[in-house]
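Residue strings, one per chain:
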Amino acid sequence: MTDTQPVDTATRQDTDLVRVEDLKVYFPSNDGLIFGRKGNDIRAVDGVSFTIRRGETLGLVGESGCGKTTVGRTLLRLYDPTAGRILFDGNDIASLSGRNLRRLRRRMQMVFQDPYSSLNPRQNVANIVSEPLRVHGLAKGSEADRRVHELLDIVGLPAAAANRYPHEFSGGQRQRIGLARSLAVNPDLIVADEPVSALDVSIQAQVINLLEDLQNDLGLTYLFIAHDLAVVRHISDRIAVMYLGTIVEVAPADELYARPLHPYTKALLSAVPIPDPAVEASRERIILTGDLPSPANPPSGCRFHTRCPYRQPTRCDDEEPALRELASGHTAACHWAEDIDSGTIQPRQDAVAAPLGGHSGDAAARPVA
Amino acid sequence: MPLLEVRDLQVRFSTRGKTVYAVNGISFDLDPGDTLGIVGESGCGKSVSSLAMLGILPKPAGRVHGGQVVFDGEDLLTLPDERLRHIRGNDIAMVFQDPMTSLNPVLTVSRQLTEALRTHLDLGKKEAAAEAASLLDRVGIPDARQRLRDYPHQFSGGMRQRVGITMAIACRPKVLIADEPTTALDVTIQAQILELLRTLVREEGMALILVTHDLGVVAGICERTHVMYAGRFVETAPTGELFANPRHPYTVGLLKSVPRLDAARKQRLDPIGGAPRDQTSEPTACAFAPRCAYASTESWEQLPVLRELDGATGPAAHRVACWNPVPEQDLVAAGIRQAPTGRQTGDQPDEERQA
């Protein structure tokens, strides 16, 4: 099971496995149906920089369309970056091709969201799980069989699963098959894109625990992409929050939840329903107005200014905020983060929903807007 | 007499010689202004129950096997189609999970909205258009009058769900059934839609049945919650009581398996082992027994029915269908309840509140 070169854990901790610098991924778009006039490019990812340390889990959160999946896929060079650099263990992924790219790709694997569509229904599990071994020429014949059984065992599936087909398994089990496949080549990095969103909560917990066990046992590094903030916080060491193609805040997981500094993070956290009526009844909720603007034509200045309840005149509209380190390891891209954090700047009243005030309908507790 | 009275509703699906026992006898009452949550995981029968109540089960596989759904003195399950169609939309309306599939993609929003208004409320063309615009405005769609001319695909997901809600409330129904209304939406949009539902219930006095898999969603909106497993209610209580003092091992399992944003991070989650019951046979024992740490011989042999805990009846009743309800000390150990015996629910430290 162990890889060829055992790496000293101490040195592992303080080096970055992945370094992303000013990454941009644009997709061309056409206005017309047939005689396409050239439209604005969709700026799915527009200047994103971050690092993933060896052995850590970096959570990437944001709403649909914010570019989090594109970041994950570009990391594996499933998309070509428009600009910027992606260094994987010091090698620039964007400049590689052919054999060198394939050799590097063996070290990074992906786990997909939908366990129903990411497995070939006509192949049995043994075939699915051993495919990466064949593709990379790592094992074949009885050696591959042995490896398949080993992998099934690691992800908690019985050996008999090898001869069965995906439709015979439940969603949670299929996700285990997908994990076994991604582990086949002994990767360093796993990009998990919404790996538990399609699963029921009781099954979700099983898969999350499995992901954590695998990380501990195999020394994996995860980029965990998800929209469920509670799940992301549970599994991540650090979290990056994305909005409309940019990263607006990065912080250690607990710190991000205890002290969100970007208004978008605040709104996102306050929007998550808490499974406790007592908490739901008393907490302050920021309700964002409107929808996500189009990434083909992002707002000027701070991209969040069109929906931001803390927006201040002119500067937010004109000047794009850079990520600034506001506390140790905690960066946010907001001009007014300090003032908002200290309470000097308050949110607009209409953005703050009244606490629900309990179920007995006592309206007395509601502050008048 | 309650507004809606569901008694022992049973739904089965038959396909190629196999029968799936989807709903196996659920009962509840709904009064005007009530907000009721039905929570469960996929396949537990929560959506099928609501489809069955409205007579829109997928045919011919699905059929109501037994029970009554009495609305305003009439049993919806035995009504002729014509009459049922009148009640559906007029008195009881439904909001579906995915507004993209529940709206007609080739008709403008205006056409679809005014159709309902004209059939059910007998409005003229002009009046219907005006009413449609004011309804869209009511649910918070900007430029309502302009947007009437748009097709569903021109709306974003959240806006589309607002249109779906508009269609449902167009005739001022007495009961609104919302089946996973926010599952397809992002959290910030979900918050908007839940806020809208809350407002509508408060201001229009509608009764709401909210069907969802998300415990967090019911916590913020429902007065009473039913937990459903394998086609039966396994626990039902006022929502506050249910979360503070869950007694069915399945409810406790659900609460323990979700990570919570407002609590300290746990080392490990406690999943519910095993998989949901294969429902191709009629349940004759506790359906949760194979996954349950508290299962006893009785659990494997006899079907538990909902029974009151601590004698509270009426709106405060807390009922559990379990032979071995989770003992209090285990709730304390699981961190669901505080150690002292006082049944206070509202005094948790409010870590979530931010300055």
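Asker: An account of the domain arrangement of chain A is needed here, citing residue identities and associated values.
Answerer: Interfaces are frequently sized by the accessible area removed from exposure as the parts join. Domain assignment breaks chain A into domain 1 (115–185) and domain 2 (261–365). Here the C-alpha centre of domain 2 of chain A lies 44 Å away from the C-alpha centre of domain 1 of chain A.

Asker: Outline the environment of A:Pro299, supporting the account with residue identities and numerical values.
Answerer: Residue and element names in this part refer to chain A. Inspection of the secondary structure puts Pro-299 in the loop between strand S11 (285–286) and helix H12 (315–318). With 16 C-beta atoms counted inside 10 Å, the residue Pro-299 sits in the partly exposed group. In this structure the C-alpha to C-alpha distance between Pro-299 and Glu-320, which are 21 residues apart in sequence, comes to 9.9 Å. The contact partners of Pro-299, leaving out residues within four places of it in the chain, are Pro-293, His-305 and Thr-306.

Asker: Go over helix H5 (residues 125–138) of chain B with me, naming the residues and quoting the values.
Answerer: Residues and elements named next belong to chain B. The end-to-end C-alpha distance of H5, which contains 14 residues, comes to 20 Å, matching closely the 20 Å that a straight helix rising 1.5 Å per residue would cover. Residues of H5 that are buried: Ala-128, Ala-132, Leu-135 and Leu-136. Here the buried residues of H5 occupy an arc of 95 degrees about the axis, which is enough to place them on one side. Opposite its buried face, H5 presents the exposed residues Lys-126 and Ser-134, each directed more than 90 degrees away. At its buried positions, H5 is contacted by helix H4 (109–121), helix H6 (144–147) and helix H7 (157–169). One or two steps after H5, the chain reaches Gly-140, where phi turns positive at roughly 85 degrees.

Asker: How would you summarise helix H10 (residues 263–271) of chain A if you had to cite specific residues and measurements?
Answerer: Counting buried positions along H10(A) gives 9 out of 9 residues, so the element sits mostly inside the fold. Listing the buried residues of H10(A) in full gives A:Pro263, A:Tyr264, A:Thr265, A:Lys266, A:Ala267, A:Leu268, A:Leu269, A:Ser270 and A:Ala271.

Asker: Give me unusual backbone geometry: which residues, what numbers.
Answerer: Residues and elements named next belong to chain B. For the peptide bond that leads from Lys-59 to Pro-60, omega is 0 degrees, which places it in the cis range. Its identity as a non-glycine residue notwithstanding, Asp-122 has a phi of 60 degrees, on the positive side. As for its position among the elements, Asp-122 is in the loop between H4 and H5. With 9 C-beta atoms packed within 10 Å, Asp-122 lands in the exposed category.

Asker: Describe the packing of helix H6 (residues 171–183) of chain A against helix H7 (residues 201–218) of chain A, listing the residues and the values that go with them.
Answerer: Residue and element names in this part refer to chain A. Their axes nearest at 9 Å, the elements H6 and H7 cross at an angle of 20 degrees. Classified by the angle between their axes, H6 and H7 sit roughly parallel to one another. You can see that H6 and H7 cross each other, and the crossing is right-handed. Residues Gly-171, Gly-172, Gln-175 and Arg-176 of H6 form the contact with H7, whose own contacting residues are Ile-203, Gln-206, Val-207 and Leu-210. Per-class residue counts for the contact of H6 with H7 are 3 nonpolar, 4 polar and 1 charged.

Asker: Before we move on, could you go through the domain arrangement of chain B and cite the residues and values that matter?
Answerer: Residues and elements named next belong to chain B. Under the domain assignment used here, chain B contains domain 1 (4–222) and domain 2 (228–333). On the domain 2 side, the residues contacting the 22 residues of domain 1 number 17 residues. Looking at the side of domain 1 that touches domain 2, the elements with two or more residues in it are strand S2 (18–30), strand S3 (35–39) and helix H9 (215–221). Partitioned by chemical class, the residues of the side of domain 1 that touches domain 2 number 12 nonpolar, 7 polar and 3 charged.

Asker: Describe the pairing of strand S1 (residues 4–15) of chain B, naming the residues involved and giving the relevant values.
Answerer: Residues and elements named next belong to chain B. Here S1 pairs with strand S4 (residues 62–71) via 8 bridges, running antiparallel. Across the sheet, Arg-7 pairs through a bridge with Gln-68, a residue of S4. As paired strands, S1 and S2 are joined by 10 bridges and run antiparallel to one another. Residue pairing across strands places Glu-5 opposite Asp-29, the latter belonging to S2. Hairpin connection between S1 and S2: a loop of 2 residues separates the two successive antiparallel strands, and Arg-16 in this loop has a positive phi of roughly 40 degrees.

Asker: Pulling in residues and values, what's your account of the packing of helix H4 (residues 125–135) of chain A against helix H5 (residues 141–154) of chain A?
Answerer: Residue and element names in this part refer to chain A. As a packed pair, H4 and H5 sit with axes 9 Å apart at the nearest point and diverge in direction by 115 degrees. Judged by the angle between their axes, H4 and H5 are roughly perpendicular. Once H4 is placed against H5, the crossing between them reads as right-handed. Residues Ala-126, Val-129, Ser-130 and Leu-133 of H4 form the contact with H5, whose participating residues are Ala-144, Asp-145, Arg-147, Val-148 and Leu-151. Residue composition of the contact of H4 with H5, by class: 6 nonpolar, 1 polar and 2 charged.

Asker: Just give me the short version of the sheet that holds S4(B), but keep the residues and values in it.
Answerer: Residue and element names in this part refer to chain B. The strand order across the open sheet formed by 4 strands is S2-S1-S4-S5, and the pairing between neighbours is antiparallel. The open sheet is flanked by S2 and strand S5 (74–75), the only strands paired with a single partner. On the sheet, helix H1 (residues 46–53) packs against S1, S2 and S4 and is oriented at approximately 110 degrees with respect to S1.

Asker: Requested: an account of the sheet that holds strand S1 (residues 16–27) of chain A, with residues and values cited.
Answerer: Residues and elements named next belong to chain A. Pairing in this open sheet of 4 strands is antiparallel, and the strands run S2-S1-S4-S5 from one edge to the other. Looking along the sheet, the strands with just one partner apiece sit at the ends: strand S2 (42–53) and strand S5 (91–92). With 9 bridges joining them, S1 and S2 adopt antiparallel strand pairing. Bridge assignment links Lys-24 to a residue of S2, and that residue is Asp-46. This element, helix H2 (residues 68–75), spans S1, S2 and strand S4 (83–88) of the sheet and lies at about 60 degrees to S2.

Asker: Could you give an account of the pairing of S4(B), with specific residues and numbers?
Answerer: Residue and element names in this part refer to chain B. Pairing of S4 with S5, which is carried by 2 bridges, proceeds in the antiparallel orientation. Bridging from a neighbouring strand, Phe-71 pairs with Glu-74 of S5. With antiparallel pairing between neighbouring strands as the criterion, S4 and S5 make up a hairpin whose turn holds 2 residues, including Asp-72 at a positive phi of roughly 55 degrees.

Asker: Give a description of the confidence of the model for chain B that names residues and reports values.
Answerer: All names here are of chain B. The predicted model of chain B has a mean per-residue pLDDT of 88, with 95% of residues at 70 or higher. Below pLDDT 50 for its whole length, residues 341–355 participates in 18 contacts with residues either more than four positions away or in separate chains. Predicted complex metrics record ipTM = 0.81 and pTM = 0.85.

Asker: Tell me what's going on with the environment of B:Leu36, and back it up with residues and numbers.
Answerer: All names here are of chain B. The residue Leu-36 is located in strand S3 in this model. For the pair Leu-36 and Thr-239, spaced 203 residues apart in sequence, the C-alpha to C-alpha distance is 9.0 Å. For Leu-36, the residues in contact, after removing those within four places along its chain, are Phe-28, Leu-30, Leu-208, Ile-209, Leu-210, Cys-222 and Arg-224.

Asker: So what's going on with the interface of chain A and chain B? Residues and values would help.
Answerer: Between chain A and chain B, the residue contacts involve 43 residues of the former and 47 residues of the latter. By residue number, the principal contributor to the side of chain A that touches chain B is H7(A), which donates 6 residues.

About the cut-offs
- Residues numbered from 1 in each chain as written.
- Chains lettered and ligands numbered in written order.
- Predicted model: local features only at pLDDT ≥ 70, side-chain atom pairs only at ≥ 80, totals over all residues.
- Domains from an automatic or database assignment.
- Helix = DSSP H or I, 4+ residues; strand = E, 2+ residues; numbered from the N terminus.
- Buried ≥ 20, exposed ≤ 12 C-beta atoms within 10 Å, placed from the backbone.
- Contact = placed C-beta atoms within 7 Å.
- Expected span 1.5 Å × (residues − 1).
- Arc of directions from axis to C-beta.
- Axes fitted to C-alpha atoms, helices over the stretch in contact; angles between N-to-C directions.
- Parallel < 35°, antiparallel > 145°, perpendicular 65-115°, else oblique.
- Left-handed = near helix turned anticlockwise from the far one by under 90°.
- Nonpolar A, V, L, I, M, F, W, Y, C, P; charged D, E, K, R; others polar.
- Pairing = 2+ DSSP bridges.
- pLDDT = per-residue confidence, 0-100.

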